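Here is how the chains run, residue by residue.
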Amino acid sequence: GASTPEESLQATPTLGPADQLIPVKGARRIVAERMHTSLRDTAQLTMTSYADATRLLELRAAFKNADPQFQVDGITVNDLILFAVARTLREHPELNSTYRDSDGELGIVRSAAVHLAFAVDTPRVLMVPVIRDAEGLRLRELSTRTTDMAARCREGTITSEELSGGTFTVSNLGAFGVESFTPILNPPQAAIIGIGAVTWRPIGEQAVQQQIALSLTIDHRLIDGAPAAQFLQTLCARISELDVLLAL
């Protein structure tokens, strides 16, 4: 007899002569399973705010054009964002948490140090290296570490230890022109922030401002909406006053 709509939807599509079957295995399978587990086992809530990016862009331009002896021309917008996030997490430690399930005993680990993970796109698979004790790093040191780790991710020489133990993740798609998106939690972390592109946005009735979108996803089992919103509010303020933050 004729198949039902449900059976038709579940049927395996037939491969055409020009189609390519790519097995989901190795690192790709691990990522797929972790993302599925993340969405299945956590209570995810995403909220988005916009930060004034004027000083962020001015600082990036200043570093790029600085005297080579200062060795700051390689500092990127992403480095500046990572710096601001790490410092803001010191003010909002509840966001710097992980979920712990030990022999059936559930708990929240609130980490004293910020082990900041950041997403790196590679030819093989998305990788998320971890910058240890990021909250205490000067900007140039943080930039050096991110550059080194990202390069070793793409070369395939990053170690498994450097890909584990993160307490908070930053995922930046702004370079691809993505204005905002919903980042998926990186378990067992309680939060992840997605960074969008800088765009001109209206402020008031007759003015515009360059702003950057910050989309924060939290595990609502561990974090309530108000503390998450307060973290976003503080982060927006720190990004808008980055030159001051760098001096602290």
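This structure is a prediction, so every number in the text was calculated from the model and none was measured. (Residues numbered from 1 in each chain as written. Predicted model: local features only at pLDDT ≥ 70, side-chain atom pairs only at ≥ 80, totals over all residues. Heavy atoms only, no water.)

Here the focus is the overall build of the protein chain. Broken down by element type, the protein chain carries 7 helices and 8 strands. Across its three principal axes, the protein chain shows a C-alpha extent of roughly 75 × 50 × 50 Å. Every one of the 248 residues in the protein chain was classed for burial, and the buried ones make up 40%. Surface exposure of the protein chain reaches about 14000 Å², of which carbon and sulfur atoms provide 52%. (Helix = DSSP H or I, 4+ residues; strand = E, 2+ residues; numbered from the N terminus. Buried < 20%, exposed > 50% of the residue type's maximum accessible area, 1.4 Å probe, protein only. Areas by Shrake-Rupley, 256 points an atom, 1.4 Å probe, with all protein chains shown as cover.)

This paragraph deals with the sheet that holds strand β5 (residues 130-131). Across the sheet, 6 strands lie side by side as β1-β8-β7-β6-β4-β5; this open sheet has mixed pairing. Each edge of the sheet is formed by a strand with only one pairing partner; in this case those strands are β1 (44-52) and β5. Summarising the sheet, β1 and strand β8 (residues 207-219) pair through 9 bridges and their orientation is antiparallel. Bridge pairing in β8 places A51 opposite I212. Helix α3 (residues 54-64) rests against β1, β7 (191-203) and β8 of the sheet, and its axis sits at about 100 degrees to β8. (Pairing = 2+ DSSP bridges. Contact = heavy atoms within 4.5 Å. Axes fitted to C-alpha atoms, helices over the stretch in contact; angles between N-to-C directions.)

Along the chain, R152 falls in helix α5 (residues 139-155). Among the polar contacts listed, one links the side chain of R152 to the side chain of D148, at a separation of 3.0 Å. (Polar contact = N/O pair within 3.5 Å; in protein donor to acceptor, adjacent residues only side chain to side chain.)

Bringing the packing of aromatic side chains into the picture now. How two aromatic rings sit relative to each other is set out by the distance from centre to centre and by the angle between their planes. Within this structure, the stated rule accounts for 1 aromatic pair. Between the aromatic rings of F168 and F231, the centroid separation amounts to 5.7 Å while the plane-to-plane angle is 55 degrees, which identifies the pairing as tilted. In this pair, F168 sits in strand β6 (residues 168-172) while F231 sits in helix α6 (residues 225-240), placing the two residues 63 residues apart along the sequence. Comparing F168 with F231 shows no difference in burial state: the two are buried. When the ring centre of Y50 is taken as reference, the NZ or CZ atom of R201 above it lies at 3.6 Å. A cation sits over an aromatic face here: R221 above Y99, 4.0 Å from the ring centre. (Phe/Tyr/Trp six-rings, centres within 6.5 Å; stacked < 30°, edge-to-face > 60°. Lys NZ or Arg CZ within 6 Å of the ring centre and 35° of its normal.)

At a minimum axis distance of 10 Å, the contact between helix α4 (residues 77-91) and α5 shows a crossing angle of 120 degrees. The angle between α4 and α5 places the two elements in the oblique class. Remark: the crossing between α4 and α5 carries right-handed chirality. Listed contacts from α5 to D79, L80, L82 and F83 of α4 are L139, L142, S143 and T146. (Parallel < 35°, antiparallel > 145°, perpendicular 65-115°, else oblique. Left-handed = near helix turned anticlockwise from the far one by under 90°.)

What follows is about the nonpolar core. Counting 54 residues, the largest nonpolar core has V85, L95, L116, F168, I193, L214 and L216 as the members making the most contacts within it. The element best represented in this core is α4, accounting for 8 residues. In this view, L95 contacts L89, T167, F168, A191, L216, I218, I223, P227, A228 and F231; residues no more than four positions away in its chain are not counted. (Core = buried A, V, L, I, M, F, W, Y, C linked by side-chain atoms within 4.5 Å.)

One ladder, built from 4 bridges, connects β6 with β7; its direction is parallel. Looking at β7, one finds that T169 is bridged to I192.

The subject of this paragraph is the pattern of salt bridges. Overall, the coordinates contain 8 salt bridges when judged by the stated rule. Close ionic contact of R29 with E33 constitutes a salt bridge, the shortest N to O distance being 3.0 Å. Of this pair, R29 and E33 both sit in helix α2 (residues 26-41), 4 residues apart, which is roughly one turn of that helix. Close ionic contact of D41 with R40 constitutes a salt bridge, the shortest N to O distance being 2.8 Å. By sharing partners, the salt bridges in this structure join D148, R152 and E162 into a single network. (Salt bridge = Lys/Arg side-chain N within 4 Å of Asp/Glu carboxyl O.)

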